[in-house]
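Single-letter residue listing:
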Amino acid sequence: MSELNKQLEEFESTLSGEELVPEEVLEEEQHRSWFRRRSKGITTSTAEKKETPDGLWLMCPSCKYTCTVLELRDNLHVCPKCSHHHRIGSDEYFDILFDEKEYTRLFDNIRSKDFLGFTDLKPYYKRLEETWAKTTLNDSMSVAHGKVGGYDLVVSCMDFGFIGGSLGSVMGEKIVRAADYCIEYRIPYLIISKSGGARMMESAFSLMQLPKTLGRLSLLTDHKIPYFSLCTDPTFGGTTASFSMLGDIIMAEPGALIGFAGPRVIKETIKRDLPKGFQRSEFLLEKGFLDFIVDRKELKAKMTLLLMLFKG
Ligand SMILES: [Zn+2]
């Protein structure tokens, strides 16, 4: 393999969050590398993936239990055997949360722009065009308004499939507009985080989203509108450093990896072994970072209860 190809693969795996996977899992996965799509050129668009035959078998990365796509989907993409929460996208979360799966999508017309002419291993505009072609997503965050257990809720949900759920200017703008919408119509707000961190191709513009979003979210407090945060696997970098950790209620899915820098970076920096379960939701709950952990199958009921309590 040429040096450039190797670099490209490493870069892509960083974007896809593989660097956030513990070493022992990666080692284990190397034994069945045939199972993964490593080489470039094999790409399936999200739209096509949705048409995956229901009879196709999938293996749980945690307990190796094998079940059909249909069985997993019926179980909200939670392993029926070990409760491993598979990564899902915004469409799936909207379907899980909103009553009758009915909701209105908001601010879908905002798109990223390569205003810096940034080039890493490929130009940013090219990366954007490729991602738009591969997925049905416009950017790494989708916003929707609907009813949850009869109560209005606006949900902003990240998609890891769009450049690693990275926090760029579009995500920042969507959060600000969603917060304004919540203030105007007096509706509670939920952000579901699933991100590797800041979008490096937008450089300082990406970092500027931190004060921009936090300033606007603090207006929700002034208007006495609740803001909930749900951290899912993974919640990293700029998201953890800002809005994901500032909800009136901060929840997480079981076993989610949540942190600022990845475990390998920390391990190399402090030159010490990390405690067992480091950066997992259960560890964070114990250390007081989270209010509670919520199983995906109980998410709707928990959100309904919260909306009822906060309304009262
Ligand atoms: Zn499992």
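Residues numbered from 1 in each chain as written. Predicted model: local features only at pLDDT ≥ 70, side-chain atom pairs only at ≥ 80, totals over all residues. Heavy atoms only, no water.

(A) Just the coordination of the zinc ion, in detail. Donor atoms from the polypeptide that bind the zinc ion are Cys60 (SG), Cys63 (SG), Cys79 (SG) and Cys82 (SG), placed at 2.2 to 2.4 Å. Taken together, the four donor atoms surrounding the zinc ion define angles of 106 to 111 degrees at the centre, an arrangement classified as tetrahedral. Mapping the donors of the zinc ion onto the primary sequence gives the spacing C-x2-C-x15-C-x2-C. (Donors = N, O, S within 2.8 Å, 3.2 Å for Na, K, Ca; no water. Tetrahedral: all angles 85-135°; square planar, octahedral: opposite > 155°, others 65-115°.)

(B) How the structure looks around the environment of Ala252. In this structure, Ala252 sits in strand β8 (residues 249-252). The class for Ala252 is buried, based on a relative accessible area of 0%. On a C-alpha basis, the gap between Ala252 and Asp233 in space is 8.6 Å, while along the polypeptide they are 19 residues apart. With residues near it in sequence (within four places) discarded, Ala252 still touches Leu230, Cys231, Ile258, Ser281, Leu290, Phe292, Ile293 and Val294. (Helix = DSSP H or I, 4+ residues; strand = E, 2+ residues; numbered from the N terminus. Buried < 20%, exposed > 50% of the residue type's maximum accessible area, 1.4 Å probe, protein only. Contact = heavy atoms within 4.5 Å.)

(C) Focus on the pattern of salt bridges. Taken as a whole, this structure holds 15 salt bridges when the rule is applied. Salt-bridge contacts for Arg216 lead to Asp180; the nearest nitrogen and oxygen are separated by 2.7 Å. Taken as a pair, Arg216 in helix α9 (residues 209-222) and Asp180 in helix α7 (residues 169-185) lie far apart in primary sequence, 36 residues in all. Relative accessible area serves as the criterion here: at 27%, Arg216 is assigned to the partly exposed category. Look at Asp180 and you get partly exposed, because its relative accessible area is 32%. Ionic contacts of the salt-bridge type, sharing partners, join the residues Asp91, Arg105 and Asp108 into one network. (Salt bridge = Lys/Arg side-chain N within 4 Å of Asp/Glu carboxyl O.)

(D) Layout of the sheet that holds strand β5 (residues 151-158). One open sheet holds the seven strands; their spatial order is β3-β4-β5-β6-β7-β8-β9, and the pairing between them is mixed. The open sheet has two edge strands with one neighbour each: β3 (103-106) and β9 (292-293). Relative to strand β4 (residues 141-148), β3 runs antiparallel, the two sharing four bridges. For Tyr103, the partnering residue across the bridge sits in β4 and is Gly146. On the sheet, helix α12 (residues 299-311) packs against β4, β5, β6 (189-195), β7 (227-235), β8 and β9 and is oriented at approximately 125 degrees with respect to β5. (Pairing = 2+ DSSP bridges. Axes fitted to C-alpha atoms, helices over the stretch in contact; angles between N-to-C directions.)

(E) Examining empty space enclosed by the protein more closely. Counted by the stated rule, this structure contains one cavity of 30 Å³ or more. In this structure, the largest cavity encloses a volume near 40 Å³. In terms of lining, the largest cavity is formed by Leu58, Met59, Cys60, Tyr65, Cys67, Leu72, Cys79, Pro80 and His86. Class assignment for the residues of the lining of the largest cavity results in eight nonpolar, one polar and no charged. (1 Å grid on protein atoms, 1.4 Å probe; cavity = no way out; pocket = protein on both sides within 12 Å on 5 of 7 lines; lining within 4 Å. Points joined across faces, edges and corners; volume = space filled by probe spheres on them. Nonpolar A, V, L, I, M, F, W, Y, C, P; charged D, E, K, R; others polar.)

(F) View of the packing of aromatic side chains. Scanning the model with the defined rule gives nine aromatic pairs in all. For the ring pair Phe228 and Phe310, a centre distance of 5.2 Å and an interplane angle of 85 degrees mean the geometry is edge-to-face. Of this pair, Phe228 sits in strand β7 while Phe310 sits in helix α12, and the two are 82 residues apart along the sequence. With relative accessibility at 0%, the residue Phe228 sits in the buried group. Here Phe310 falls in the partly exposed class, since its relative accessible area comes to 36%. With centroids separated by 5.7 Å and ring planes inclined at 70 degrees, the aromatic side chains of Phe278 and Phe283 adopt a geometry described as edge-to-face. (Phe/Tyr/Trp six-rings, centres within 6.5 Å; stacked < 30°, edge-to-face > 60°.)

(G) Expanded view of the environment of Ala241. Along the chain, Ala241 turns up in the loop between β7 and β8. Taking the relative accessible area as the measure of exposure, Ala241 reaches 44% and is therefore partly exposed. Each C-alpha atom, one on Ala241 and one on Gly259, is 8.6 Å from the other, the two residues being 18 residues apart in sequence.

(H) Summary view of the environment of Ser166. Secondary-structure assignment places Ser166 in the loop between β5 and α7. Classification of Ser166 as buried rests on a relative accessible area of 5%. Taking the C-alpha atoms as reference points, Ser166 and Thr239, 73 residues apart in sequence, are found 8.8 Å from one another. When residues no more than four places from it in sequence are discounted, the contact partners of Ser166 are Ser140, Met171, Ser195, Gly197, Ala198 and Arg199.

(I) Quick peek at the packing of helix α5 (residues 90-97) against α12. Close contact between α5 and α12 brings their axes to 9 Å; oriented N to C, the two are set at 60 degrees. Where α5 abuts α12, its residues Tyr93, Ile96 and Leu97 lie against Leu299, Lys300 and Met303. Partitioned by chemical class, the residues of the contact of α5 with α12 number five nonpolar, no polar and one charged.

Purely spatial values, then, with no claim about function.
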